[in-house]
Amino acid sequence: RGKRPRASMSSKDGDKDAAKPAAAAEPADEVRAAAAGAEEDEDASPEAIQNLFHHMAMKQRAAAKDTGARAHGFWDKQPVPKLAEKPDQNEPIETKTVADVRATPYKLPPGFSWSSVDVADEKQLGELYDLLAKNYVEDDDAMFRFDYKPEFLRWALTAPGYYKDWMVGVRHASTGDLCAFISGIPVHTHVRGKEMSMCEINFLCVHKELRSKRLAPKLIKEVTRRVNLRDIWQAVYTAGVVVPSPVADCRYFHRTLNARKLLEIGFTRLGPRMTQLRFERLQKLAPEPVIEGWRPMAKHDISAVAKLLNAHLAKFALHLRFSDEEVRHWLLPREGVVSAYVVARPKAAADAAAAPEAAPAAAAAAASSGAGAAAAAAPGLSATNDKGETIVGFASYYLLPSTVLRHAKHSDLKAAYSYYNVAGEGVDLTRLMECSLIAARNEGMDVFNALHLMQNETFFKELKFGPGDGTLHYYLYNWKCAKMKPSDVGIVLL
């Protein structure tokens, strides 16, 4: 939920003071802030289109250096593997019961009080938006700032079965102003074959002027207490810096969609031998999606998408299990928040594609695409929707803009982030993602970002994704297991 863009432990909770033991303890760092891109090269190649992400990563790195060994003081007391450990088990680190959990909230510094933020209430959602908009993630040069719109926050925080008391806020006792926040939502997680209920931690933020109050560890401990009271003992989260101890490390890759705008806002620049016309030509995409049967996901696709997605995710050592209700919430298109598409075939066409004599042709088409074996169509992976169509492919991305500060022409940078994608019977993953790029471009996005996880690596080169220089680290709270490769990870956090 790198998110979640999705972020860095230091940048989410602000400046150097925030990165001392308090902020270094933050598990809720979002995907997008940690999506630090590579520095520009002289030829303005796809790798160059990472300026925004590079700037946003610099703050977290500087803060991490300032904290040194102290950054791990909080985590050394938590049920997480130590950095030097190389566990080979697949089990909890500690076992407790609800009776062992503290019954009362942790004590806050004088002048502050706990508050459960009701994100279903427009006023309180607006307060949360204001807190994040002014205190969350901004690059060092104050050129760009992530802009989590209220409708995005409502989507991200109201997962099916969510608990209001997991939306943990801190308010000024005198004014009632919201000045700090952390969230948790319930998820059904599989870790190397073991299924369990977990909490996904996200959106840790402390007001810039309160970075010395050590509110971050209080927020973490309090949300942990509330989660434990529901008899849930594990959590999953991401961070842009290393703390004890990552279960996987995934890099961000970025693909230019609107070359002219990225040049105008200083997101990238042209090298001495590169013209703007040539640069735009290099990034050009087809006008419309190239796969027959590609269309927006609809309500009658929910059950089929759930079956297709869960069958696909079962291949990965770390993944979520989605109910139909969760697919409806997370993946059914919402304007300005999340876009999703299916590849649908009428029953007769699907039967023909699945016939034994069609297999050699499908394999040859996949090989000629240059996508490689891992990206080739998955035999037998399909599901029938409520209208009798066979769904053989699925693609999705969520939309997270950044505010462009102090620019005469442009006020925002529109970014799409790859979410969940399944290339099923007769569908090539590279062509599926090409359709996503075209759809995102046609939707007005300026850049498309994807993590190096699942099978994503197979399409990066052909589709001209450039590597970022930032890494998003995945963590499990109160669980130890062998470290995973990026291709073992099947979770995308907002």
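Conventions adopted
- Residues numbered from 1 in each chain as written.
- Predicted model: local features only at pLDDT ≥ 70, side-chain atom pairs only at ≥ 80, totals over all residues.
- Heavy atoms only, no water.
- Salt bridge = Lys/Arg side-chain N within 4 Å of Asp/Glu carboxyl O.
- Helix = DSSP H or I, 4+ residues; strand = E, 2+ residues; numbered from the N terminus.
- pLDDT = per-residue confidence, 0-100.
- Contact = heavy atoms within 4.5 Å.
- Phe/Tyr/Trp six-rings, centres within 6.5 Å; stacked < 30°, edge-to-face > 60°.
- Buried < 20%, exposed > 50% of the residue type's maximum accessible area, 1.4 Å probe, protein only.
- Polar contact = N/O pair within 3.5 Å; in protein donor to acceptor, adjacent residues only side chain to side chain.
- Pairing = 2+ DSSP bridges.

Chemist: Summarise the pattern of salt bridges; cite the residues concerned and give the values.
Modeler: The full count for this structure, using the stated rule, is 21 salt bridges. For Arg260, the salt bridge goes to Glu280, with nearest N and O atoms at 3.2 Å. Taken together, the residues span a long stretch of sequence, with Arg260 in helix α7 (residues 259–264) and Glu280 in helix α8 (residues 276–282) at a distance of 20 residues. A salt bridge links Arg295 to Glu389; the nearest nitrogen and oxygen atoms lie 2.8 Å apart. Within this pair, whereas Arg295 is found in strand β9 (residues 294–296), its partner Glu389 is found in the loop between β12 (383–384) and β13 (390–399), the two being separated by 94 residues in sequence.

Chemist: Would you mind going over the confidence of the model for the protein in detail, with residue names and values included?
Modeler: A residue-level look at the protein finds 77% of positions with pLDDT of 70 or above and a mean pLDDT of 82. Within the model, pLDDT remains below 50 along residues 1–49, and this stretch shows 258 contacts once partners closer than five positions in the same chain are excluded. Taken together, the stretch residues 58–70 has pLDDT below 50 and engages in 26 contacts with residues farther than four places along the chain or on a different chain.

Chemist: Go over the packing of aromatic side chains with me, naming the residues and quoting the values.
Modeler: The description of two aromatic rings rests on the distance between their centres and on the angle between their planes. One pass over the full model with this rule turns up 26 aromatic pairs. Consider the rings of Tyr397 and Phe448, whose centres lie 5.7 Å apart with planes at 70°: the pair is edge-to-face. Of the two residues, Tyr397 is situated in strand β13 and Phe448 in strand β18 (residues 447–451); the sequence distance between them amounts to 51 residues. Neither Tyr397 nor Phe448 differs from the other in exposure class; each is buried. Summarising the aromatic geometry, the rings of Phe448 and Phe465 are spaced 6.1 Å apart at their centres and angled 85° between planes, so their arrangement reads as edge-to-face. Of the two residues, Phe448 sits in strand β18 while Phe465 sits in the loop between α14 (457–460) and β19 (466–477), which places them 17 residues apart along the sequence. Residue classification places Phe465 among the buried residues on the basis of a relative accessible area of 6%. Cluster of aromatic residues (ring-pair linked, three or more members): Tyr136, Tyr148, Phe152, Trp155, Phe203, Tyr252, Phe322, Trp330, Tyr398, Tyr417, Tyr419 and Tyr420.

Chemist: So what's going on with the side chain of His473? Which residues, and what values?
Modeler: Assignment of secondary structure puts His473 in strand β19. Among the residues examined, His473 registers a relative accessible area of 9% and is labelled buried. Side-chain polar atoms of His473 contact the side chain of Asp249, separated by 2.5 Å. The residues touching His473, leaving out its near neighbours within four places in the chain, are Tyr237, Thr238, Ala239, Gly240, Val241, Val242, Pro246, Ala248 and Asp249.

Chemist: Can you tell me about unusual backbone geometry, naming the residues and giving the values?
Modeler: A cis amide bond links Pro244 to the next residue, Ser245, at an omega of -20°. Tracing the backbone through its elements, the reader meets Ser245 in the loop between β7 (235–239) and β8 (248–256). You will see that Phe203, though not glycine, has its phi angle at about 55°, which is positive. Within the secondary structure layout, Phe203 lies in strand β6 (residues 194–206). For Phe203, a relative accessible area of 0% corresponds to the buried category. Even without being a glycine, Asp231 presents a positive backbone phi close to 65°. Note on placement: Asp231 falls in the loop between α6 (215–228) and β7. By relative accessible area, which is 49% here, Asp231 ends up partly exposed.

Chemist: Go over the pairing of strand β11 (residues 338–345) with me, naming the residues and quoting the values.
Modeler: Looking along a regular strand, one sees the side chains alternate between the two faces of the sheet. Counted residue by residue, β11 has eight buried out of eight residues, so it is predominantly covered. Going residue by residue along β11, you find Val338, Ala340, Val342 and Ala344 tucked away on one face and Ser339, Tyr341, Val343 and Arg345 tucked away on the opposite face as well. As paired elements, β9 and β11 share three bridges and run antiparallel to each other. The residue bridging Trp294 from the neighbouring strand is Val343, located in β11. Note: β11 against β13, eight bridges, orientation antiparallel. Of the residues in β13, the one forming a bridge with Ala344 is Ile391.

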